[in-house]
Every structure is written in C-alpha cells, then in structure tokens.
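Next come the chains, spelled out residue by residue.
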Amino acid sequence: MSSVCGRLTVVFNGEIYNHLELREELKRAGLAPAWRGHSDTESILAAFVAWGVEATLTRMVGMFAIALWDRATHTLWLARDRLGEKPLYYGTIQDRLVFGSELKALRAAPGWAGEIDRNALSLLLRFGYIPAPYSIYRGISKIRPGVVLRCADGDIEERVYWSAADVVSGGTAAPLVADEHEIATLLEERLTDAIRLQQVADVPLGAFLSGGIDSTTVVALMQRLGSRPVKTFSIGFHEGDYNEAHHAKSVATYLATEHTELYVTPEQARAVIPQLPTIYDEPFADSSQIPTFLVSQLARRHVTVSLSGDGGDELFGGYNRYFLGQSLWQRLQCIPLGLRLSLARAIRGISPSTLNSLMRPALRLLPKRLHYANPGDKLHKLASLLGARDRRELYRFLVSQWHEPEHLVIGSHEPRSVLSAESPELGGFAATMMHLDLVSYLPDDILVKVDRAAMSVSLETRVPFLDHRVVELAWRIPFDLKVRAGEGKRILRRVLDRYVPRELIERPKMGFGVPIESWLRGPLRSWAEDLLSASRLHNEGIFHPEPIRRRWEEHVSGRRNWHYSLWHVLMFQAWYAHHHHAG
C-alpha cells in the first residue's frame, strides 16, 4: 500500500491492535490524511508519514513484520515487533538485498545458492531451534525482535527501538511498591485491556484452552469482556501422560465457553511429521510442534483468529527449570569446582548400564517416587551439571540436548548467541533464566512453533501476554510475587482466583507433548533409521556419523533415553531431504 502523497510504500504482515487510537492521535494533531479505508495498514502508513519510522514504531501495539520504502530518500526500513511474534528474514544474493517473512520466498530469488550455515546448525543441535540473528542459510539473517534496519546507500544500520534487556533491568531496579491485591488488580486491568484490543476482529475469533493457568486466564478475561460465549479449543490424547483435555473441559464447563475438543490417535499425530519440513521452512525441533499443529487445525475449522496463553511462563515464572536451576545452583556452590569436576569424571567413567546394576538394590530401599527406571542415565546427566562454572553455563546445560555440537557438525564452530552475551544482573538465578527465556526461547522456539503451525492452516494467533505493556508491567512486579516457596505464577494465580476455583487449575505442570520416545522405538523406527543410517550420514557429509549412531542404538535398545537430541538431528535430516533432495 502506498501513502496518499506517494512517498512511502509499505509491505506489512501482522496486526496493529491500537491503530484506531493512532488515527485519533493523528486527527487531534491535524495530521490525518483523507482516509480511504479502515485497515491498520493505512493507519500505520499515515503515521509513518506524519511522525517518521522510529517514533511510529514506539507508538504501535501489536505484532508485525514491516518493510517500508521511502522513494524520496531511496531508503528501505525493515522492522520486527518487540517480542518476535512475526518472522522477518533478510540477506544479500549476488549483491542484491532480499527480505521476506519466510525462507521459501528468498529461495525463489534469482541466484539463490542456499548454502547450509554449519555454525547455525550447531545451534540447532544444542537448542532445537536457530536463535536470531542466525538462519540455516549462510548470508541470510533473522531480524532480532525490537529492531528496525535502515538500508540506504549500500549500508545496513541496525537500530533498537525496544530492548527487552532495558525493560528487565529497568523493571527490576524500580519495582512496584504496592500490596499483592493492588498489584493483582493492576495486572488484571492491563491484561484485560490487551485482550480487549486483541478481540477486535471482523472474522470469527476463539482461543486455545489447555486448562492451565495462562490459557484459563486469557479465556476467563475474554469471557468477561464478551456478550457471547468464547469459542475454545483443545486436543486430547488417549495416552494419559500426555492428556490435558479433561482439565480443559472442566474449565470450559465452569466458564461456560463454547468448547470443542478432539481426541487424536497416535496415527493422526504421526501423520503430521512428513509435513513438518514445509510447515516450518527452517529446521525446527520442538516436538510439541505436532500437537500445536493439530490444535490449530481444529480451531481453524471454526474460527479465523485464536488467542493463546503463550508468554505466561516466561513472564511469571512457570517453568519447572526455574525451581530446579535455582536449587541446583545453590547446592553446586557448596562444592568446590575442582571436586565437582573430579566427581563428574568418576561418574562418566562408569557406563549407565553398570550404574543401573549397582544402584538398583539401594533404590528398592527408597520411596517409590524415587524408583527411577534408568538411574545411571540420570547420574550421567548430573555429571554434566557438576562442571558448570557459573549460572549462565548451568542454564545452557539445562536447555541443551547436545552439549558439544561442534563435535557433531563437520567443519562447524558454534557461534555466540544471545545466550552467551552479557545480560542484566538480576540477583536470583530464576530471574536470570526468565530473562534469557524472554529473549531466546520465547521468540525463537515458542512463537515460531505457534506462528508457523497456525499460519500453515490460515489461522491467525494473538498473544495477549506479549502486549509490550503487559511485559513491561510484569518485570516491575516484585519477584517474590511471581515465584515463592517453589510455586510459580503467584500473582497470576491471584488474578485467576477471581474467576475460577483454584482446584480446577491446581495440578503439576505438564508439557504439550507426544510420546516421541516410544514412537522412535516403534512406529517411527524405520523412518528414523533411514534418515540416520551410517551410509546416508557419511554421503551427505554434514554430520560425523559415529556419535549419532551411538545415541540411536542406545535409544532403540532402551539403554538410554536420547529422544530429544535425536529429534534435533531428525528434524534437520527430514528438512534437508525435503528441500535439498538428499539421499
């Protein structure tokens, strides 16, 4: 769309929730054009003309990837939203600047070479995703959240218009001074306003509902704001360890939503796997991508827009690793590093199967909850933890599946990422982990998973917790109102207490997963064996086959559980086979 004056042209993906307020502000300032329609694209275009690029970006509330061309100055601006809800890639091909929301758009450019970036691949193996600014291809980058690029005269200048690090350090340094009830009310009001804006749509709208704290809070506030029952969606599995559908149904019944659930068979879930290389476009290895696609597909049969509860864990302390990490670090600090390293070497010197044999008689004397099926495996994982020199190293261990991916990818050198950069000094380890999740795991894993799955079925997802004003408030809430006595999301629970009985949502946290571990030993075994065969790995020349084959054989035999790390390799192999006709 071009501006009325013809100077600016915009290409835009996303939603600007406050665009009507921007129109009002332009009108009050006498800067409004003669409006031609009612879209948010026209609103932001007029704002760019009136206020300039960066001043407009700071006023916008929403999710977006934007390209703006200024004919007068021959300048291209590329901007991505503050939290990274929408993707934006850019790079050079034969000295031409290219950009797009998906890699498949760039692959269509004349002169495309598509050389795999082996350094970025090592990050995929560690984390299961490729963090910004890297992509799977050399010469192609992701624009980082909260960043706008100014491209002119052959130069690309990166400008930060919103910084998560600044929000975190500023909020922590100037916490709210109020009692718990007042802060809960403030949070409720801020979330309600975010949801009010995000419920504006000229198409059918609903919400994902797992029955957990985050999605239940979103649905409860949606229900309060609306005059009709909210359409809610959940999927269930017949395997009890992976099923949350009955919890969601209980919440939906209590809140009187218009609820739809679908129980998925293992065959239906596995049928998604061949589609993953196309859905994700770049290799991506969070296995909850499978149920995320299925619930998106279910919702799309009834609505065009769905709100989700993503972001609540990172903002309010919901992940189990926050408690585990804090507790581990306190214990590790009591043992001198030299002694810890010696102990780690001693444990690694004994195979997990031998450790199993040695420990089983002693385990029988312990309570049943401590009867681990594979204690030797857990001890080997503990040995890796013992070598952590600082909190950041311990965090990297907790979120890594391959701990030395450079030894796996031929010719690679693992690059520095946001997880190896300096971060604000926040005192407690749990707060540090929450900040690191906010700038990496959330935008590069969680939001990628949801956005690509939903967009593949033409469903738009919106995330009220990631309204930047909610994020800024969350980081001003004193930490002990988020995490206290081993309980996360304390302040969010106080908000939800006003809408739902606590017994409906008080239960251990579950992941949104599928039983990949057993599938790899059963129905997916031949598919995985083909992708991980020694001859294939050798001929492709990307991975050293030996460590992968060792883990595969240990997993299939049941001696070790390596399904997470193997899934990282398998998702690359499946993507590579699809896009590069390997094998």
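See the structure shown above.
Residues numbered from 1 in each chain as written. Predicted model: local features only at pLDDT ≥ 70, side-chain atom pairs only at ≥ 80, totals over all residues. Heavy atoms only, no water.

Enquirer: Please explain the sheet that holds strand β12 (residues 305-307) as it appears in this structure.
Expert: Across a sheet, strands are paired by hydrogen bonds formed along the backbone, either parallel or antiparallel in direction. The parallel open sheet is built from five strands, whose spatial order is β11-β10-β9-β12-β13. Strands at the two margins of the open sheet, each flanked by one partner only, are β11 (258-264) and β13 (460-462). Put simply, the sheet's adjacent strands are angled 30° from each other on average, direction ignored. Bridging between strand β9 (residues 205-208) and β12 involves three bridges; their strand directions are parallel. Within β12, the residue paired with Leu205 across the bridge is Val305. (Pairing = 2+ DSSP bridges. Helix = DSSP H or I, 4+ residues; strand = E, 2+ residues; numbered from the N terminus. Axes fitted to C-alpha atoms, helices over the stretch in contact; angles between N-to-C directions.)

Enquirer: What exactly am I supposed to notice about the sheet that holds strand β7 (residues 147-152) here?
Expert: On the basis of which strands lie adjacent, the open sheet formed by five strands has the order β1-β2-β3-β7-β8 and antiparallel pairing. Bordering the open sheet on either side are β1 (8-16) and β8 (155-160), each of which pairs with just one other strand. Each adjacent strand pair in this sheet contributes to an overall mean axis angle of 10°, direction not counted. Docked against the sheet, helix α2 (residues 40-51) engages β1 and β2 (62-70), running at close to 130° with respect to β1. (Contact = heavy atoms within 4.5 Å.)

Enquirer: Help me understand a nonpolar patch on the surface, please; the structure alone is not making it clear to me.
Expert: Residues Leu97, Phe99 and Ile156 make up a contiguous nonpolar surface patch of roughly 230 Å² in combined accessible area. Overall, the relative accessible area of 41% leaves Ile156 in the partly exposed class. (Patch = residues over 30% accessible without salt bridge, like charges linked within 9 Å, V, L, I, M, F, W, Y side chains within 5 Å. Areas by Shrake-Rupley, 256 points an atom, 1.4 Å probe, with all protein chains shown as cover. Salt bridge = Lys/Arg side-chain N within 4 Å of Asp/Glu carboxyl O. Buried < 20%, exposed > 50% of the residue type's maximum accessible area, 1.4 Å probe, protein only.)

Enquirer: What is the right way to read the pattern of salt bridges from this model?
Expert: Once the charged atoms of two side chains with opposite charge are near each other, the side chains can pair. The full count for this structure, using the stated rule, is 42 salt bridges. Taking the shortest distance from any N to any O, the salt bridge between Arg7 and Asp70 comes out at 2.9 Å. Linking Arg7 in the segment before β1 with Asp70 in strand β2, this pair joins segments that are 63 residues apart in sequence. Here Arg7 falls in the partly exposed class, since its relative accessible area comes to 39%. Overall, the relative accessible area of 7% leaves Asp70 in the buried class. The network of salt bridges with shared partners includes Glu180, Arg490, Arg494, Asp497 and Arg502.

Enquirer: Explain the side chain of Thr192 to me, please; I cannot follow it from the model alone.
Expert: Turning to its location among the elements, Thr192 is positioned in helix α7 (residues 180-198). Among the residues examined, Thr192 registers a relative accessible area of 10% and is labelled buried. Ignoring anything within four residues of it in the chain, the contact list for Thr192 reads Leu221, Arg224 and Leu225.

Enquirer: How should the packing of aromatic side chains be read in this particular structure?
Expert: Working definition: an aromatic ring pair is given by the centre-to-centre distance plus the angle between the planes. Under the counting rule described, the total for this entry stands at twelve aromatic pairs. Judged by centre distance (5.7 Å) and plane angle (50°), the rings of Tyr137 and Trp575 are tilted. In this pair, Tyr137 sits in the loop between α5 (118-127) and β6 (140-142) while Trp575 sits in helix α26 (residues 563-580), placing the two residues 438 residues apart along the sequence. Overall, Tyr137 belongs to the buried group, its relative accessible area being 1%. (Phe/Tyr/Trp six-rings, centres within 6.5 Å; stacked < 30°, edge-to-face > 60°.)

Enquirer: Please explain unusual backbone geometry as it appears in this structure.
Expert: Where the residue is not glycine, phi is negative for most of them; where a peptide bond is considered, it is trans in most cases. Following Ala132, the chain continues into Pro133 via a peptide bond in cis, with omega recorded as 15°. Along the polypeptide, Pro133 turns up in the loop between α5 and β6. With phi around 50°, Gln94 is a residue other than glycine that occupies positive phi space. Along the chain, the position of Gln94 falls in the loop between β4 (89-93) and β5 (96-100). Its identity is not glycine, yet Lys489 carries a phi of approximately 60°, on the positive side. As for its position among the elements, Lys489 is in the loop between α20 (468-474) and α21 (490-496).

Enquirer: Sorry, what's going on with the nonpolar core here?
Expert: Inside soluble globular proteins, nonpolar side chains tend to come together where they are buried. Within the largest apolar cluster, 168 residues are counted, with the highest numbers of intra-cluster contacts made by Ile66, Ile290, Phe543, Trp567 and Phe572. By size, the runner-up hydrophobic cluster in this structure holds ten residues, among which are Leu76, Leu78, Ile143 and Cys151. (Core = buried A, V, L, I, M, F, W, Y, C linked by side-chain atoms within 4.5 Å.)

Enquirer: Would you explain helix α12 (residues 289-300) in this entry?
Expert: Residue pairs spaced three or four apart in an α-helix point in one direction, given the helix's 3.6 residues per turn. With twelve residues, α12 extends 16 Å between its outermost C-alpha atoms, agreeing within 8% with the 16 Å of an ideal straight helix rising 1.5 Å per residue. α12 sits mainly inside the fold: ten of its twelve residues count as buried. Gln289, Ile290, Pro291, Thr292, Phe293, Leu294, Val295, Ser296, Leu298 and Ala299 are the residues of α12 that are buried. (Expected span 1.5 Å × (residues − 1).)

Enquirer: Where do I start with the pairing of β4 in this structure?
Expert: Regular strands place side chains that alternate from one sheet face to the opposite one. For β4, a buried count of four out of five residues is recorded, marking the element as mostly surrounded by other parts of the structure. As judged from the five bridges shared by β4 and β5, these two strands associate in the antiparallel manner. In the strand pairing of β5, Thr92 is matched with Leu97. The antiparallel hairpin formed by β4 and β5 contains two residues in its connecting segment, where Gln94 sits at a positive phi of about 50°. The sheet contact formed by β4 and β6 spans three bridges and is antiparallel. By the bridge assignment, Gly91 is partnered in β6 with Ile140.

Enquirer: For this particular structure, what's the right way to read the packing of helix α18 (residues 391-398) against helix α19 (residues 429-455)?
Expert: Two numbers describe a pair of packed helices, the interaxial angle and the distance between the axes. In contact at an axis separation of 11 Å, α18 and α19 are set at 55° when each is read in the N-to-C sense. The angle between α18 and α19 places the two elements in the oblique class. Like other packed secondary-structure pairs, α18 and α19 cross with a definite hand, here right-handed. For the pair α18 and α19, the contacting residues are Arg391, Arg392, Leu394, Tyr395 and Leu398 in the first and Phe429, Thr432, Met433, Leu436 and Asp437 in the second. Residues that form the contact of α18 with α19 fall into these classes: six nonpolar, one polar and three charged. (Parallel < 35°, antiparallel > 145°, perpendicular 65-115°, else oblique. Left-handed = near helix turned anticlockwise from the far one by under 90°. Nonpolar A, V, L, I, M, F, W, Y, C, P; charged D, E, K, R; others polar.)

Enquirer: Where do I start with the environment of Ile477 in this structure?
Expert: Among the secondary structure elements, Ile477 is positioned in the loop between α20 and α21. Under the relative-accessibility criterion, Ile477 is labelled buried at 3%. A sequence separation of 306 residues divides Ile477 from Gly171, and the C-alpha atoms of the two residues are 7.7 Å apart.

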